[in-house]
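# Structural overview for review
In case you want the letters, here they are:
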Amino acid sequence: MTSPQSDPAPQPPQGHSHGHTHSHGPAAPVSKHLRKVIAAVVIPFATAVVVGLIAFWPGGAPDHERTGVGFDRQTQDGMVVQVVQVDCADVNAAQVPPTGDTSTPSGREAVNEQEGECAKATIEVTSGDDKGRKFVEVVQPDAPRQLKEGQGVVVAYAPDAPRDLQYSVTDVNRKIPMALLAGIFALAVVLVGRLRGVMALVALVVSFAVLTLFILPAILQGSNPLVVAVIGASAIMLAALYLCHGVTARTSVAVVGTLISLLLIGLLGSLFIGWASLSGNTDDNTGLIHGLYPDIDMSGLLLAGIIIGSLGVLDDVTVTQTSAVWELHQADPEMGWKGLYRAGIRIGRDHIASVVNTLVLAYAGAALPLLLLFSIAQSSVGTVANSELVAEEIVRTLVGSIGLVASVPVTTVLAALVVSADRSGPGGAQAATAAPARTGRGRRRRKG
């Protein structure tokens, strides 16, 4: 375990400890005994995760007959080749004439369809069996999405409709700006994080792979969403933490702290989802999923989403707390586990305040359109909170936040116990830290 950096360590005694610690990485090695204890916990857990992945591996999403509704439509790429301005009255001539009453949304829409200029866009299909086929799309003047020449679009195909109505524009093609933004993100991560940034991107790829190749298809195959989410989240956690932070005792403590917190989130989520009678089927998308796959446990799917959604923030909290305790121990090796815990928990309190606020605002931001609708309806706070749509978000936020709060003391006490137990051992961190220096002095004597 001798490294070139350890040879000159005795020359500046006052800087030896700090310089040596950082020359060997962010954490001093722990004793062989503690490594065995940690391995006895982590290895069976990792083995169980691998066995779970094999046992529940879906082999792909099941086939089904497309309904042509919502996301369950056949889509192709398209291109707007021509846009002509026409009188709305001409292109909407077959529709019911407006009443002239603009006090209601339907009345205003009817008037807009008869007055002003509409856009008559010619769309060419650029992928699939009908590549080169053209169709016409009429865009109303008050439509939220306007089309322009040369714009890429996504078109939906309805095979049972009349030929002239088989294709329609459903969205704008955003592949190029999204790919460019992803490239800028990856470049920024690598430039700032260097090797750690590269490993973070690898971990991100692994996370998406587990999500798309295991979690989603397994749920669609009819497996229990909670079991699948726990296995998948555990696999993501192991890959992300060890890839980004190395296979060390410190990372293993963060893994154990994250696991305990995930179990707590799972238990609380299961209890309150059942107690609050949350079905998990609250909007068009979940309704479509339930219609296509009626055997899926939608409340279990809701709980799975809570677990997966909490994992990313949990990783951040547990790694930060473990690192804080390790650094505190390096700064004062004589501090016992109680002192380490008290110092670490003071750091954790600041972390709790910021993380919980972040989580609440993230969910509030996602539900902002829904909250606006309730505000327009002038509903009371009690009425809003009691509706299932909002109650789901409240349970999701509070259960995840409780898990985050609990992860701070759990991870801090685990880290404090590990480093303090290692301090006085025969192969502890202090001995491991000092050993290379003695080896270096011995080598210099032999050379002299």
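Presented here is a report on the structure given in the accompanying data block. (Residues numbered from 1 in each chain as written. Predicted model: local features only at pLDDT ≥ 70, side-chain atom pairs only at ≥ 80, totals over all residues. Heavy atoms only, no water.)

## Description of the overall build of the protein
Selection rule: Strands are runs of DSSP state E lasting at least two residues, helices are runs of H or I lasting at least four, and both sets are numbered from the N terminus onward. Buried, partly exposed and exposed residues are distinguished by accessible area as a fraction of the type maximum, computed with a 1.4 Å probe on protein chains only: under 20%, between the cut-offs, and over 50%, respectively. Residues count as neighbours in contact if any of their non-hydrogen atoms are within 4.5 Å of one another. Residue-level accessible areas treat just the shown protein chains as cover; the underlying method is Shrake-Rupley with a 1.4 Å probe.
Secondary structure assignment for the protein yields 14 helices and 5 strands. Per-residue burial for the protein yields a buried fraction of 37% across its 448 residues. The contacts of the protein with a sequence gap of at least 6 include a subset with a gap of at least 24, amounting to 72%. Split by element, the accessible area of the protein, about 24600 Å² in all, is 63% carbon and sulfur.

## Things to note about the nonpolar core
Short version of the rule: As used in this record, nonpolar core signifies buried Ala, Val, Leu, Ile, Met, Phe, Trp, Tyr and Cys residues forming a set joined through side-chain atoms within 4.5 Å.
Counting residues in each nonpolar core, the largest one holds 56 residues, and the members touching the most others are Ile215, Val255, Ile273 and Trp326. When residues of this core are traced back to their parent elements, those giving at least two are α2 (32-56), α5 (175-220), α6 (225-245), α7 (249-275), α9 (298-331), α10 (337-366) and α13 (388-423). Each residue touching Val255, except ones within four places of it in the same chain, is listed here: Phe45, Met237, Leu238, Leu241 and Tyr242. Val83, Ala119, Phe135 and Tyr167 belong to the second largest nonpolar core, which has 13 residues in total.

## Things to note about the pattern of salt bridges
As a reminder, the rule being used: By definition, a salt bridge exists where a carboxyl oxygen of Asp or Glu is found within 4 Å of a side-chain nitrogen of Lys or Arg.
Under the counting rule described, the total for this entry stands at 4 salt bridges. One salt bridge in this structure joins Asp171 and Arg174, with 2.9 Å as the shortest N-O distance. With a closest N to O distance of 3.4 Å, Arg396 and Glu393 form a salt bridge. Of the two residues, Arg396 and Glu393 are both situated in helix α13; the distance of 3 residues between them amounts to about one turn of the helix.

## Focus: the packing of α6 against α9
Basically, it comes down to this: As a rule, the C-alpha atoms of each element are fitted with a line to give its axis, helices using only the stretch in contact, and angles between N-to-C directions run from 0 to 180 degrees. An angle below 35 degrees is treated as roughly parallel, one above 145 as roughly antiparallel, one from 65 to 115 as roughly perpendicular, and anything else as oblique. Crossing chirality is assigned from the near helix's rotation relative to the far helix, an anticlockwise turn below a right angle marking it left-handed and a clockwise turn marking it right-handed. All residues other than Ala, Val, Leu, Ile, Met, Phe, Trp, Tyr, Cys, Pro, Asp, Glu, Lys and Arg, Gly among them, are scored as polar; the first ten of these are nonpolar and the last four charged.
Following both chains from N to C, one finds α6 and α9 inclined at 20 degrees, their axes separated by 9 Å at the closest point. One element, α6, and the other, α9, form an angle in the roughly parallel class. Seen along the crossing, α6 lies across α9 with a hand that is right-handed. Where α6 abuts α9, its residues Pro225, Leu226, Ala229, Val230, Ala233, Ile236, Met237, Ala240, Leu241 and His245 lie against Gly300, Leu301, Leu303, Ala304, Ile307, Ile308, Leu311, Asp315 and Val319. For the contact of α6 with α9, a count of residues per class yields 16 nonpolar, 2 polar and 1 charged.

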